[in-house]
Amino acid sequence: MAQTQVESAPVAAQEYRPLSATVSRGRLASILIGVMLGMLLASLDQTIVGTALPHIVADLGGLEHYAWVVTAYLLASTVTVPIYGKLSDIYGRRVFFIGGMIIFLIGSALAGTSQNMTQLIIYRGIQGLGAGGMMPIALAIIGDIFPPSERGKWQGLFVAVFGFSSIIGPTLGGWITDNWGWRWVFYVNMPVGIIAILTAGFVLPKLVNRRKHIIDYLGSVFLIAGTVPLLLAFSWAGTQYDWGSWQIVGLFIFSAVMLITFYLIELRAPEPIISPRLFKNSIFLVSVIATFLVSAGMFGAILYIPLFVQGVLGNSATNSGVVLTPLMIGFIISSIVGGQLLSRTGRYKILAILGFIVAAVGMFLLSRMTVSTSEGEVVRDMIITGLGIGVMMSLFTIVVQNAFPYRQLGEVTAGITFFRSIGSTMGVAVMGAIMTNTFQSELQSNMPAILKRLVPADKLAQLQNPQLLLAPDVVAKIQHSFAALGPQGLVIFRQLIDAIRLSLSTAITSVFFLGFIIMLLGLFSVFFLREIPLRKSHEAPVAEAPTSGTNRSRALLGLTLALVAREAQKPDANPQILETLSNTVNGRYPHEWSDEQRGKAVAQDIIEPLAITLLSSSIGNGAAHGASEGTASEASDTVAASGFIG
């Protein structure tokens, strides 16, 4: 294995003291400002560039490479996150945080000089290489400054920067593009970045763990080799290539081989980039799963709410940032309030449970929207969803930081950030495939029969694009062509637009319902999250989990399942819930049964008994508690044997 050994002196005991206890208030404020500027630089760039992309393509050409402007940045930033995190544990945060910003600014300056799409894609990749170190190391620096018991109120505030940038970024990007030109969306990073670099350079301490280290170069290579094709497969599937094409299947196979090899290498590496042993810690494992699910659901909402508001409801908002303002307001409020509650109470499991419950309610309300939904209802649904998701974005970072020794702070912070990025990519890809397939099938059934007879098949295929609803000039041209058919043509045109809107509404709400299911899965996962006291200092040992929370978790899980069973057995039960329950069994009930029959049977025969078992096992303590462990285990075995997988 290609590795390099770094010699250094023994570590001092006082090195692990939090910076908040060793520096003045003035310097502490300067450190926080410098870190926040770095985070703002990375998060604001993404939203600003997204608004300018149509102008960039119009100027440089290369529409077929449009997606690569975003994909190159995503690939470079995601694959470097765990590497930056591990190296920052070894050599200190300062050099990699500042280095990441310098690389990011170099990429920004070069991107502004691009003469074609190929150059822009390469320079965006350079930007991504720098951005990969900015967000996770910023969160790790907060860990250096404050002990786990105080991090919540600060990390919640810092994560709110993401929501703030999502609100102002598109508007700022549009203004810069219209008044200064698209190149300035990259150049504008320079003054903010220079201030952030100078601030960080002067105030960030040079903390380095002075001990022997072995750099795992081989593991880094195979991590990149496994992650890049995985992200490419999810980015291209359903857009550039079909999901079953040899290109996508080949990327998945190659990625699997590389990641398996990476896993085997990391098992033997003295200091692995992402240690497989981290997953033996149930807190890390549950937090990774929960973060993955939150990220998948959140980015699905961010992507498709603007399409619903603008395409289905016909809102004339000029950019998605304006549309998403209610969602991001909820996000900002809950991330700040949740962080404060975490620091004051030290209780993170109940916050995770409540966050998933509120997010699930929000997603369910989004999934119930129709073409006749009012804008007030959409705003309400977005705020509820944002309130649920926001509280969890910084929560799990603190949870995993608290579950490991201080020397692994960068590694575990980067690990959770890495899986958050993977979750967002995979979530958007899967939701995109569901949206596209549902839209096409719904449109075929909603399309007026007369339209299929009058319009040639090739022309008809061009009309089966929901993006038409977002381009008023294109809609006007289509309307003009239909007007040539006389009064009947205008009637057909209105029927076509109504069919597209109705089909798009059904497709997008199907995506939101998937988001609802994802949030329920996240809720299920956090019931298994062990809660340990938040450490008051870096030197404090990692605490053991108290046993009193087990019964409460069973009770909450049992109550949730009981509510699902009750809802499914109502005469007017939601068909989507019944269909979901029906799909969780395989061969237990007659094939000719309808989804409604199978769904109600699952609720009665499986969900309800399991809920009763869990609720019963949550009563009592001592020996009764031990007995309930076996009962719940038996119930789980019964579910698995019956084919329940939901």
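Residues numbered from 1 in each chain as written. Predicted model: local features only at pLDDT ≥ 70, side-chain atom pairs only at ≥ 80, totals over all residues. Heavy atoms only, no water.

Regarding the overall build of the chain
Check the secondary structure of the chain and you find 24 helices and 2 strands. Relative to its 646 residues, the chain shows a buried fraction of 54%. Pairs at least 24 apart in sequence give 81% of the contacts found in the chain among residues at least 6 apart. Carbon together with sulfur atoms contributes 64% to the accessible area of the chain, which is approximately 27,500 Å² in total. (Helix = DSSP H or I, 4+ residues; strand = E, 2+ residues; numbered from the N terminus. Buried < 20%, exposed > 50% of the residue type's maximum accessible area, 1.4 Å probe, protein only. Contact = heavy atoms within 4.5 Å. Areas by Shrake-Rupley, 256 points an atom, 1.4 Å probe, with all protein chains shown as cover.)

Describing the confidence of the model for the chain
Confidence in the prediction of the chain, expressed as mean pLDDT, is 78, and 81% of residues score 70 or more. Per-element confidence in the chain ranges from a low mean pLDDT of 39 for helix α24 (residues 623–641) to a high of 94 for helix α13 (residues 349–367). Between residues 1–15, whose pLDDT stays under 50, and residues either more than four places distant or in other chains, the model counts 39 contacts. Predicted confidence for residues 620–646 stays below pLDDT 50, and this span has 30 contacts to residues more than four positions away or in other chains. (pLDDT = per-residue confidence, 0-100.)

Observations regarding helix α4 (residues 117–145)
Here α4 is 29 residues long and its end C-alpha atoms lie 42 Å apart, about the 42 Å a rise of 1.5 Å per residue gives. Along its length, α4 shows its largest kink, about 30°, at Gly130. Taken across its 29 residues, α4 has 23 buried, putting it largely inside the fold. For α4, the N-terminal cap is Asn116; the gap from its side-chain oxygen to the backbone nitrogen of Thr118 is 3.2 Å. (Expected span 1.5 Å × (residues − 1). Bend = angle between axes of the 7 residues up to and from the residue. Polar contact = N/O pair within 3.5 Å; in protein donor to acceptor, adjacent residues only side chain to side chain.)

A look at helix α8 (residues 217–236)
Spanning 20 residues, α8 covers 29 Å between terminal C-alpha atoms, matching the ideal 28 Å at 1.5 Å per step. Between the side-chain oxygen at the start of α8 and the backbone nitrogen of Gly219 there is a gap of 2.9 Å, and the oxygen is on Asp216. One or two residues past the end of α8 sits Gly238, with phi positive at roughly 85°.

As for the packing of helix α14 (residues 375–393) against helix α15 (residues 395–402)
Any two packed helices are characterised by how steeply their axes cross, that is the angle between the axes, and by the distance between the axes. Packing of α14 against α15 brings their axes to within 4 Å, and their N-to-C directions diverge by 25°. Put simply, α14 runs roughly parallel to α15. Contact residues: Val391, Met392 and Met393 in α14; Leu395, Phe396 and Thr397 in α15. (Axes fitted to C-alpha atoms, helices over the stretch in contact; angles between N-to-C directions. Parallel < 35°, antiparallel > 145°, perpendicular 65-115°, else oblique.)

Topic: the nonpolar core
In terms of nonpolar packing, the biggest core is built from 154 residues, with Ile305, Tyr348, Phe356 and Met435 touching the most fellow members. Not counting chain neighbours up to four residues away, the residues in contact with Met435 comprise Tyr304, Leu307, Leu504, Ala507, Ile508 and Val511. Ranked by size, the runner-up nonpolar core spans 19 residues in total, among them Val49, Ile56, Val69 and Ala72. (Core = buried A, V, L, I, M, F, W, Y, C linked by side-chain atoms within 4.5 Å.)

Quick look at the packing of aromatic side chains
Applying the stated criterion to the full structure yields 17 aromatic pairs. Judged by centre distance (6.3 Å) and plane angle (90°), the rings of Trp182 and Phe186 are edge-to-face. Residue Trp182 shares its accessibility class with Phe186, and that shared class is buried. With 5.1 Å between their ring centres and 75° between their planes, Phe234 and Phe252 make a pair best called edge-to-face. Here Phe234 is found in helix α8, whereas its partner Phe252 is found in helix α9 (residues 246–268), with 18 residues between them in sequence. Looking at Phe252, the relative accessible area reads 25%, which means it is partly exposed. Among the aromatic residues, ring-to-ring pairing joins Phe279, Phe284, Phe404, Phe418 and Phe419 into one connected group. (Phe/Tyr/Trp six-rings, centres within 6.5 Å; stacked < 30°, edge-to-face > 60°.)

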